[in-house]
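Chain by chain, the residues:
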Amino acid sequence: MPSQGSILASPNELPYTTRHISPWYGMTVRSYAKINLGLRILRKRSDGYHDLETVFHRINLWDDIVLRPTPGTLRLETDRADLPADSSNLCLRAAELLKAKAPAGAGVSISLRKHIPVGAGLGGGSSDAASVLLGLKHLWSMRMSDDELRSMALRLGSDVPYFLGHGSAYATGRGERLELIPLVLPYWIVVVVPPVHISTAWAYQHLRLSDRPPQRSLKDIVLRPLPELQDSLAQLSNDFEPLVLESHADIREAKNRLSGSGAACALMSGTGSAVFALFADEDSARRAAKAVGAEGQALSLTEPGFSPPVPHIIPD
Ligand code: C5P
């Protein structure tokens, strides 16, 4: 089992590209988590969603999704008893949407191996759904335009479209209007996940929106050249923090500990519960991870410049 961005080692495997894949065999799709480098909620829209501004950035933590052709049927099994294996699971919903456009007889058995904590603001469910779309498109040899795939992804969730592509992105709208940005983050990223599930719908419902003065865009903040970057990162904020930190002492505690351990920046990701911190050097990152990890919270460590291939497909 390769490392999951653990503090002991980092994976260093060559990615496979899709040209290695035969439709007769199965594949594993490695489905990476994200953090939000800042999250601003701008307004509530008439369709019930909120317009937002964020920067999505991948971290070295992933779920494995094994796809095996099984003509005519769709099946899902997971290694987590608390996750549904029916159509309320985004992986199966993604397969159903794609099957409606696939050649007759297309089918798949999906096996989901979870490592990304659920309800943590790390986009695990959304990433899995996007990986199923990408993996099945190859497995079933489907020709679809990027636009078609993107609109299918958006039906599954606001941040699913981000997970269809490679790299970091500046996102607006519901989170689906994406601009790829050339972000090579020169920091070690420590992610701590207190054992609390936060419901995204709950967080949006209880958010108190307030007017804000004009600010630099999050894209400008993260794309500063190195000498200015550390000061610039101090301007990142997450609008969900006041609500979530107020009601969850362990998330508040994780953020305080990371902030106090020499991080250039410590912030909640998405609607929580995950908190990430950026460190200029590996030693400080590992020390902070060890100190906070001692509290029994899930951990991940990502090296500077991390940017995995998407889709990351490993043929059988
Ligand atoms: O799109 P997704 O299914 O991930 O959203 C879950 C819930 O979060 C939505 O039903 C909505 O209540 C809220 N949401 C929102 N504005 C967004 C994204 C999500 O209000 N941009």
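Thresholds, definitions, all that
- Residues numbered from 1 in each chain as written.
- Predicted model: local features only at pLDDT ≥ 70, side-chain atom pairs only at ≥ 80, totals over all residues.
- Heavy atoms only, no water.
- Pairing = 2+ DSSP bridges.
- Helix = DSSP H or I, 4+ residues; strand = E, 2+ residues; numbered from the N terminus.
- Right-handed = clockwise from strand over helix to strand, strands pointing away.
- Expected span 1.5 Å × (residues − 1).
- Buried < 20%, exposed > 50% of the residue type's maximum accessible area, 1.4 Å probe, protein only.
- Arc of directions from axis to C-beta.
- Contact = heavy atoms within 4.5 Å.
- Axes fitted to C-alpha atoms, helices over the stretch in contact; angles between N-to-C directions.
- Left-handed = near helix turned anticlockwise from the far one by under 90°.
- Nonpolar A, V, L, I, M, F, W, Y, C, P; charged D, E, K, R; others polar.
- Domains from an automatic or database assignment.
- Buried area = accessible area lost by both parts, 1.4 Å probe.
- Salt bridge = Lys/Arg side-chain N within 4 Å of Asp/Glu carboxyl O.

## Focus: the pairing of strand β3 (residues 74-78)
Strand direction decides the pairing type here: β3 and strand β4 (residues 108-113), joined by five bridges, are parallel. Across the sheet, Glu 77 pairs through a bridge with Ser 111, a residue of β4. Tracing the backbone out of β3, into helix α1 (residues 90-99) and back to the parallel element β4 gives a crossover that is left-handed.

## Overview of helix α2 (residues 124-139)
Taking 1.5 Å per residue, 16 residues should reach 22 Å; α2 reaches 22 Å between its end C-alpha atoms and fits that length. Taken across its 16 residues, α2 has 14 buried, putting it largely inside the fold. Just beyond α2, the residue with positive phi is Ser 141, at close to 45 degrees.

## Some words on helix α8 (residues 249-259)
Each α-helix winds once per 3.6 residues, and so residues spaced three or four apart point in a common direction. Residues Ile 251, Ala 254, Lys 255 and Leu 258 constitute the buried set of α8. Considered in projection along α8, the buried side chains sweep an arc of 95 degrees and stay on one side of the axis. In this structure, the buried side of α8 is in contact with β7 (188-193), α7 (241-247), β8 (265-268), β9 (275-279) and α9 (282-293).

## Digging into unusual backbone geometry
Residues Gly 272 and Ser 273 are joined by a peptide bond in cis, for which omega reads 15 degrees. The backbone of Ser 141 sits at a positive phi, close to 45 degrees, despite the residue not being glycine. Of note, Ser 141 is situated in the loop between α2 and α3 (146-156).

## Notes on the packing of α2 against α3
Each pair of packed helices gets described by two things: the angle between the helix axes and the distance between those axes. Where α2 contacts α3, the two axes come as close as 10 Å, and the packing angle between them is 145 degrees. For the crossing formed where α2 meets α3, the hand is right-handed. Contact with α2, carried on its side by Ala 129, Leu 133, Leu 134 and Lys 137, involves Leu 149, Met 152, Ala 153 and Leu 156 of α3 and no other residues of that element. A class-by-class count of the residues in the contact of α2 with α3 yields seven nonpolar, no polar and one charged.

## What to know about the domain arrangement of the protein
In terms of domain boundaries, the protein breaks down into domain 1 (11-181) and domain 2 (188-302). Summarising the inter-unit geometry, the C-alpha centres of domain 1 and domain 2 are found 24 Å apart. If you look at the interface, domain 1 gives 29 residues, while domain 2 gives 36 residues. A buried area of about 2,500 Å², summed over both sides, lies between domain 1 and domain 2, and 64% of it is on carbon and sulfur atoms. Three residues, Leu 39, Arg 40 and Ile 41, lead the burial of domain 1 against domain 2; their summed loss comes to 26% of the area buried on that side. Summed over the shared surface of domain 1 and domain 2, the result is one salt bridge. Here Glu 179 ties to Lys 219 by a salt bridge, and the two come within 3.2 Å at their closest N and O atoms.

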